[in-house]
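# Notes for the structure review
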Amino acid sequence: MEHKEKPKLAMYWASSCGGCEISVLNIGEHILTVDQVFDLVFFPCIADFKVSDVANYPDGYIDLCLFNGAIRNSENEETARLLRQKSKVMVAFGSCAYEGCIPALSNLTSKQATLATVYDDNPSLDNPEHIRPLEEAEVPEGMLDLPEFYDRVKTLDQVVPVDYTIPGCPPEPEQIWAILQVVVAAFTEGAPLPPPGAILGAGDRALCDECPLAREEKAVSRFYRPFEIDPEPGKCLLDQGIVCMGPATRNGCKALCPRVGMGCRGCYGPMEGVEDQGAKMLSAIASTIDVGDPADLDEEELERKIEEVVATLPDPAGTFYRFSMGHSLLRGARPEPEAVTEGGGS
Amino acid sequence: MINEKVGVYVCHCGTNIAGTVDVHEVAEWSGRQEHVAVSRDYKFMCSSLGQDLIVDDIEEFGLTRIVVASCSPHMHEKTFRGACLRAGLNPFFLEMANIREHVSWATSDKAAATQKAKALVKAAVERSVYHKALEPIPVTIEPATLVVGGGIAGISAALELAEAGHPVYLVEREPSIGGHMAQLDKTFPTLDCSACILTPKMVDVGQHPNITLMTYSEVEEVSGHIGSFQVTIRKKARHLDEELCTGCGICEERCPIKVVDQEFEAGLGKRKAIYRPFPQAVPKFPVIDEEHCTYFLKGKCKLCQKECPTHSIDFTQQDEVCQVEVGNIILATGYDLFDSRRIPQYGYGRLRNVFTSLEFERMVNAAGPTGGNIVLRDGLTAPKSVAVIHCVGSRDENYHEYCSNVCCMYSMKFAHLVHERVPDAEVFNFYIDIRASGKGYECFYHRLLKEGTHFVRGRVAEVTDAAQRPEEEGKLIVQAEDTLIGAQRRIPVDMVILSAGMEARHDSQELAKRFGLGCDFDGFFVERHPKLDPVATMTEGIFIAGACQGPKDIPASVAQGAAAAARVAGLIDRGTIMMEPVKASIRTDQCSGCRICNNLCPYNAIEYHLETNVSEISTALCQGCGTCVAACPSAAIDGAHFTNDQLMAEIEGILWDQRETEREEEEAAVPA
Ligand SMILES: Cc1cc2nc3c(=O)[nH]c(=O)nc-3n(C[C@H](O)[C@H](O)[C@H](O)COP(=O)(O)OP(=O)(O)OC[C@H]3O[C@@H](n4cnc5c(N)ncnc54)[C@H](O)[C@@H]3O)c2cc1C
Ligand code: SF4
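### Describing the interface of chain A and chain B
With 26 residues of chain A in contact, the opposing surface of chain B contributes 25 residues. In total, about 2000 Å² of surface goes out of reach between chain A and chain B, with carbon and sulfur atoms giving 50% of it. For the chain A face of the interface with chain B, the top three residues by lost area are A:Arg205, A:Arg215 and A:Lys280, together amounting to 26%. For the pair chain A and chain B, the interface holds zero salt bridges. Across the chain A-chain B interface, the total number found is 14 residue pairs in polar contact (both at pLDDT 80 or more). Looking at the side of chain A that touches chain B residue by residue, the classes come out as eleven nonpolar, four polar and eleven charged.

### Some details on the domain arrangement of chain A
Each domain of chain A was delimited in the assignment, giving domain 1 (8-103 + 152-189), domain 2 (109-150) and domain 3 (207-327). Here the C-alpha centre of domain 3 of chain A lies 39 Å away from the C-alpha centre of domain 2 of chain A.

### Quick notes on the packing of aromatic side chains
Following the criterion strictly, the structure yields 15 aromatic pairs over all chains and no others. Measuring from ring centre to ring centre gives 5.4 Å for B:Phe188 and B:Tyr441, while their planes differ by 90 degrees; the resulting arrangement is edge-to-face. Of this pair, B:Phe188 sits in the loop between strand E8 (186-187) and strand E9 (192-193) while B:Tyr441 sits in helix H13 (residues 441-451); the two residues are 253 residues apart in sequence, bridging distant segments of the chain. Here B:Phe188 matches B:Tyr441 in class, with each residue buried. Ring geometry for B:Tyr402 versus B:Phe524: centroids 5.6 Å apart, planes at 70 degrees, classification edge-to-face. With a gap of 122 residues between them, B:Tyr402 in the loop between strand E21 (385-392) and helix H12 (407-421) and B:Phe524 in the loop between helix H14 (508-515) and strand E29 (542-544) connect regions that are remote in the sequence. We note that B:Tyr402, like B:Phe524, is buried. Members of the aromatic cluster, joined through ring pairs, are A:Tyr12, A:Phe42 and A:Phe67. The side chain of B:Lys236 reaches across the aromatic face of B:Tyr216, ending 4.8 Å from its centre. The lysine or arginine in question, B:Arg271, covers the ring of B:Tyr275, its NZ or CZ lying 3.8 Å from the ring centre.

### Section: the site of ligand 1
Residues and elements named next belong to chain B. The environment of ligand 1 is made up of 36 residues, and the closest members are Glu 172, His 180, Lys 413, Lys 552 and Ile 554. Measuring from an oxygen atom of ligand 1, one finds a side-chain N or O atom of Tyr 335 at 2.7 Å. Within the backbone of Asp 553, one N or O atom sits 3.4 Å away from an oxygen atom of ligand 1. Elements that contribute at least two residues to the shell around ligand 1 include exactly helix H6 (152-163), E8, strand E19 (335-337), helix H11 (357-364), H12 and helix H15 (554-574). Element by element, the count of residues in the shell around ligand 1 is highest for H15, at three residues. Here the residues of the shell around ligand 1 sort into 16 nonpolar, eleven polar and nine charged.

### Describing the nonpolar core
All names here are of chain B. Core analysis: the biggest nonpolar cluster contains 40 residues, and Val 8, Val 10, Val 21, Ile 54, Ile 66, Val 68 and Ile 99 have the highest contact counts within it. When residues of this core are assigned to their parent elements, the largest contribution, six residues, is made by helix H5 (residues 110-128). When near neighbours in sequence (up to four residues on either side) are disregarded, Ile 54 contacts Tyr 9, Met 45, Ile 66, Val 68, Phe 80 and Ala 83.

### A look at helix H2 (residues 48-61) of chain B
All names here are of chain B. Between its first and last C-alpha, H2 extends 20 Å over 14 residues, near the 20 Å set by a 1.5 Å rise per residue. Listing the buried residues of H2 in full gives Gly 50, Gln 51, Ile 54, Val 55, Asp 57 and Ile 58. In a view along the axis of H2, the buried residues occupy a sector of 160 degrees, so they form one face of it. Residues Ser 48, Leu 49, Glu 59 and Glu 60 are exposed on H2 and point more than 90 degrees away from its buried face. One or two steps after H2, the chain reaches Gly 62, where phi turns positive at roughly 65 degrees.

Analysis parameters
Residues numbered from 1 in each chain as written. Chains lettered and ligands numbered in written order. Predicted model: local features only at pLDDT ≥ 70, side-chain atom pairs only at ≥ 80, totals over all residues. Heavy atoms only, no water. Contact = heavy atoms within 4.5 Å. Buried area = accessible area lost by both parts, 1.4 Å probe. Salt bridge = Lys/Arg side-chain N within 4 Å of Asp/Glu carboxyl O. Polar contact = N/O pair within 3.5 Å; in protein donor to acceptor, adjacent residues only side chain to side chain. Nonpolar A, V, L, I, M, F, W, Y, C, P; charged D, E, K, R; others polar. Domains from an automatic or database assignment. Phe/Tyr/Trp six-rings, centres within 6.5 Å; stacked < 30°, edge-to-face > 60°. Helix = DSSP H or I, 4+ residues; strand = E, 2+ residues; numbered from the N terminus. Buried < 20%, exposed > 50% of the residue type's maximum accessible area, 1.4 Å probe, protein only. Lys NZ or Arg CZ within 6 Å of the ring centre and 35° of its normal. Near = heavy atom within 4 Å. Core = buried A, V, L, I, M, F, W, Y, C linked by side-chain atoms within 4.5 Å. Expected span 1.5 Å × (residues − 1). Arc of directions from axis to C-beta.

Listed below in structure tokens is the structure:
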């Protein structure tokens, strides 16, 4: 019988904050089991591998690749393609890889505007010559090149085929460990893998299902931001006018945020069958607004009252699309190729 | 993997579609699209030959989806579903693309029309492959019917149904049935006495064993659906015991309080605080008007109670609220008269001898306040000259643009009655056009011409008492441009009658909401189809009849009442009908019990179960409006036949040319 090799594990960060890696490490002592079971072959956060190492692996060499981070620039994309080619199972790990997360909110403006904010319009900056990163620069040592900064942030599955998705910002350690156990069982004992395309480490219902707060019929006459109100304990936050994305978000995190009085932000992404999490929640939120019996109001008054309630909902894009802009039907602002955006530059 | 065989049928609709859309091109192009197995164009798809094309192709090619590009589904969805069914295909595998109302009738630009027709066909094809087989839901029809409004339309409907052996609840807001017709004197064009033809019918209603008459009552709430509506009715307190009252009228005689009767006598006469609107009222019981009764105002009097021989007066009586269950509802709530005060230059309310048409009806009525004498406001003087102004508030962009349909005819009726009662008086009818299109109506017009009525063609600018010439002193001067002779005319008269138009009831919107039907811009109830389905509405089981649907005369109101009754009787006879299975349902394994949908359903079809923490939709109550489907943030609610898949596919289809350009751009952008 052939010597049984350990399955090979890779984890990579593209455009991300590093929280996903921390979450993996947060599985605690199980990390030792991971080390026992897997051969680490690429994991820039904790071990010194080079991309060239990966390039030298034969195709399909990596058994499991946990890819976190969004595709912000050409380097992210190249690495994604490379890892896809070298991996048997490619997992979009965490919200950035899955649906764009915070980086994808910049799809609401243009590349120029983003660069202008980062290199010019910032009180802590001093850049009188408006220096911008170049893709190529001549230096005495030769030609330097930097990755191309894209117009739009893409999700992993918009760039390469993805086998599984693990949602969360970041995914919860218990869920990660549970998935790793399934994978380990598959690789070591030949147990079946989940069906391709599956969302792992999350449930099939919305967060409310595991939220302990008591819900009633909804009738909200104004919304509150977290600092504006002391939530009444035990009572559904949305019922109290605190925006909670729970109804539009997959469960699996055990409703950590609502349990401590903070509305769900929606990081576990939409439910099966939802095309656009933000739009879904907006239409749900709209239907909770209560301005009294419309029959008692004339059209203008009705509109005014609704406007008043809506005005208590600041930053709808950042609130309802905080994690899902990359995957949304909205996609982002229409790119204006050569437009000079607010704040100048370019 | 989608593996459906779609047949596409592009209809010419004679030249209706083919005149603008290149139907051959659309059919030929469709044939090359994904999923499409057969594609044809044909002159009239709705003809039996057109339908046979579909049936034969389903059998020959094993088609699994049918797309018909023709008119609105309102017209022919049933027709083509029927064709599918005949060929053994589930009727919900049909999808229609409306390339007539939405395309050929909307533009004359042939290229754009053809392009849009393609997009609609593509959308229909893409959508259809996601269609699911659906089975209609059987519903039992409760045999009782609710008729709302006891004017001539409601009376006709109620009697037709009752005669056919079906129970009817007739709910009337006023103390008596009869509606406007009871106020009229003679009816055009035959001049038969309105009361003489109406009262027997009213009596029939009052006595019919199958009719439960509820007057002085209003419908407060309606829930349910065709076959089984639950209706809450408030019966206002009449303050007398109907079991005891004999309708002798002694109470009315003795009551010391006289009130101007704004309703039945149109303000021209008076009634008592305890009253019946008119002697032939059905039912015969009076009501006490709490706003004017001395007892209710000051706590004493009770004269009526003392005098009532049967001790039927009961000041403590309260409103009664009752519930009835009915299978169908007919609305026959009639119309309001246009308020002539809204046209100040005609002087109504300011110039004493300007009358409204209803006032005049009461005046000429032998049972009315003047005993049928045509007199000025002083109650004595007969006018020597009378002006009748047509189209007051109608055919006028400042008020109602529509023609009120009856004013020309009743204006001529008035002219005739003046000639008859005050033979020396001169009558001037100011009209814009004479509309006399009913049976025998034109003949009536000719009769009036012979009787010597002066017809002046032109809209009246003003009615004034400011005399400019000696012969105008003390008269009302009607100023109008006579468009036939092309001159301004000032005609002094003693009396002016304003032929006010018919308008929708002031509360028609409210009523429409309560019964779940639509109103047009003028407030009249909207019929399912203006030509082919004039008494049905978009809500199944709810019918309309009479002037609540639009201005009309008595014969038309009666015809609609009978038509609505026939429709209802047909449903009752069937006993069970098949309801469209286009309903919402909640997938309990995906519902998290967030309760967002709980208070959204306009039909109260959604219930939350605390024990299982999921919400549930009652299929019987759901009307398939889709409100909850859109609101459900976790996509746990499916709207059958309007699923996400279907709608997204439809959108993708309609944008096919955009997608094509996008793809081309992307391909061009990829560096070689
Ligand atoms: C001055 C004048 C003269 C006319 N002369 C003629 C003529 O000579 N010949 C002719 O053919 N037509 C004539 N018409 C037209 C005729 O009046 C109408 O065609 C006819 O009355 C319409 O009948 P209807 O039952 O639809 O409405 P209506 O007569 O208005 O009856 C509706 C009934 O519904 C009741 N109702 C309303 N709302 C509610 C509610 N929410 N709940 C319960 N009950 C309610 C009302 O109290 C009323 O009893 C004349 C009209 C006018 C204005
Ligand atoms: S679709 Fe939903 S909201 Fe509409 S009727 Fe049905 S249950 Fe009610």
